[in-house]
Amino acid sequence: MKRFITTPIYYVNDIPHIGHAYTTIIADTIARFYRLKGDEVFFMTGTDEHGQKIEEAAKKRGFKPQEYADEVSMKFKNLWDYFEISYDKYFRTTDKDHIKTVQSAFSKMLEKGDIYKGKYKGHYCVSCESFFPENQLVDGECCPDCGKQTSILEEESYFFKLSKYEDKLLKWYEQDCILPKYRKNEVINFVKSGLKDLSITRTSFDWGIKLPANLNEAKHVIYVWLDALLIYPSALGYLRDEKNMDFWQNTLHLVGKDILRFHAIYWPAFLMSLDMPLPKTIAAHGWWTRDGKKMSKSLGNVINPKEVADAYGLEQFRYFLLREVPFGQDGDFSQKALITRINSELCNDLGNLLNRIVGMSKKYSNFIIDSSDVLKYFKDEINESEIYIKNALKEISEISTSRYLDEIWKILNLANLSIAKYEPWNLIKNGEDKKAFALVSMVTNLLARATILLSPAMPKTALKIASNLNFEISTKTYNEVINENKLLDFKASECEPLFAKIEEPLMQTPVGVETKEDKTINLITLDDFKNIVIKVGEVLECENIEGSDKLLKFKIDLGEENPRQIISGIAKYYNPKDLIGKQVCVLANLKPAKIFKHLSEGMILSAEDGKLTLLSTLSKVKNGAIVG
Ligand code: ME8
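The rules we used
Residues numbered from 1 in each chain as written. Predicted model: local features only at pLDDT ≥ 70, side-chain atom pairs only at ≥ 80, totals over all residues. Heavy atoms only, no water. UniProt positions renumbered as here; feature names shortened; annotations may be inferred. Buried < 20%, exposed > 50% of the residue type's maximum accessible area, 1.4 Å probe, protein only. Helix = DSSP H or I, 4+ residues; strand = E, 2+ residues; numbered from the N terminus. Pairing = 2+ DSSP bridges. Contact = heavy atoms within 4.5 Å. Axes fitted to C-alpha atoms, helices over the stretch in contact; angles between N-to-C directions.

An unreviewed UniProt entry annotates the protein as Methionine--tRNA ligase of Campylobacter ureolyticus ACS-301-V-Sch3b. Looking at the Subunit (unreviewed entry) heading of the UniProt record, one finds this comment for the protein: "Homodimer." Per UniProt, the protein has the following entry under Function (unreviewed entry): "Is required not only for elongation of protein synthesis but also for the initiation of all mRNA translation through initiator tRNA(fMet) aminoacylation."

In structure tokens form, the structure reads like this:
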């Protein structure tokens, strides 16, 4: 079966934060799940780069909109690559191909008679890029969605006949395409309150897609939401090169609840106008807050997903996001909650189970785990696990990742409880060797079932477990184990602990995104720069940090009394021994911090373009030389 899975395309006026990571990780998990099942998946993500908001943001920072969009879009792409997001297409609204699609779609809607020219007068929220009638404003002038002040627009505009589609939309909602189901009523009520025709071109700024040339309307640009929503079929080649369009028949749009209205009202209406099939599912998740507070740049409490992944591990972070809140509800990020889940669920329930299995199989049967007697002794447990599998599959089909993981954990809990209940060591003592072997095999089969289901959420962890027990994670084993309930035989091998226990928070608070990434796009004064001390230093020692595949621990001579210890996330790009004796640039007046339990007294500077390259001087200088 072919499936098309999308994330929203993110605005480039902001750099990626935990909310963007959340949507993208859910979409990635769903895409990986269906690929595992054997479906053909096309997964797209990308950036939304036109419109007044981006034009203003670029201007404020002294950039041309395209330069600014290039820079921020690359940050999103780099982050998704670093997170190993399995997208098939990363697409941008400034791509020439997309521009062609939008202009052709505009012409098609015009030919259909759904677009007419008029004059718009009313309120506009630049932050939400959204029009509002007077009666929906808060305190007569503020946006009902984000609370910011709206501005009054009066300009010539083309309109889309949204009102024409009211009844058809209400009929479509009967098909239950909106998840979670309780959100459907909000949408229906909105439509029932009456839809006004939608202004779909703007003339008071320039940064957008121009109307088709034959219309001779140079001053109009296409409304950013029409442009942005069209990215979805455009990513499949719509109205250009349509060879991938058959994915469109089975489309899942994953969005945050903030943009459900655009996806569940405007978008299907546009699609009806274009005579296109409507999406099968629009799934809207809830909102993340930080320690109970809304995240915002001005509060400086926005969470940088990379910082969390670097400190706690990418798979741990994915697991937390996917499990912490039921799909659709709001969630709160705190290090405490993350640590609790890592320690109790990942270290104890999952990691220890693997260790115990390896230990028992080594002791009892030279690592061989044979399934022949499992059903003779433990049919009930195997049957019980099949109920959880069935439930898990139902949950994931409704994008309920948290409940999906709950069901997987029921399988793990059953395995752990069975060891405690049947006490294999006593079985052996009492001469019931066959039952003890069958018990080890039963719990290993439960772990294998859980692992196959867990693999879309935690692909690397699942692979480690599978390689320790010598089974494969593939569509073939998915069919055998998950669909046909087949039992497997295993050959275990010694293993490292899957996860390290966390004793104390690994990130300093507040964990902000006002990092070097932001500095590259914000203009600063010379005085600001004087506050930054960058020194050249020589690498005396460099080694990997146990339990982290990203971090290196350095000792660096900065011409000071003692060398500094600095932790840097560049292990993927350098071999530690190649760096010894090299000179690097170090941000020397950064507050010391603990990273992965190790003190770090500065930051080694590197250039980022998809990978990290360390900065150095063109010729050797004295250790401690100041950069400036
Ligand atoms: O709306 N919690 O882009 P955007 C959870 N360009 N999710 C969050 C979040 C939070 N605190 N903050 C952001 C746009 N998100 C348009 C979309 S699509 C054709 C055009 C996630 O950069 C969530 O998925 O404002 C939300 O819907 C999306 O980011 C908004 O991203």
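A few words now on the pairing of strand E20 (residues 583-587). Across the five residues that make up E20, a large majority, five, are buried. Here strand E17 (residues 534-544) runs beside E20; their pairing, made up of five bridges, is antiparallel. When the bridges of E20 are listed, glutamate 538 appears paired with glutamine 583. Judged from the two bridges that link them, E20 and strand E23 (residues 603-604) form a sheet pairing that is antiparallel. Looking at E23, one finds that leucine 587 is bridged to methionine 603.

Here we have four strands laid out as an open sheet, ordered E5-E4-E6-E8, and antiparallel in their pairing. Each of the sheet's edge strands pairs with one partner strand only, and the pair in question is strand E5 (130-132) and strand E8 (198-199). Pairing geometry for strand E4 (residues 115-125) and strand E6 (residues 151-160), over 10 bridges, is antiparallel. Bridged to lysine 121 within E6 is glutamate 154.

Across the sheet, which stays open at both edges, the six strands sit in the order E3-E2-E1-E11-E12-E7 with parallel pairing between neighbours. If you trace the sheet from one side to the other, it starts and ends with strand E3 (89-92) and strand E7 (178-179), each paired once. Bridging between strand E1 (residues 2-11) and strand E2 (residues 40-48) involves eight bridges; their strand directions are parallel. The residue bridging tyrosine 11 from the neighbouring strand is aspartate 48, located in E2. Running over the sheet, helix H1 (residues 18-37) touches E1, E2, strand E11 (251-256) and strand E12 (281-285) and is turned about 170° from E1.

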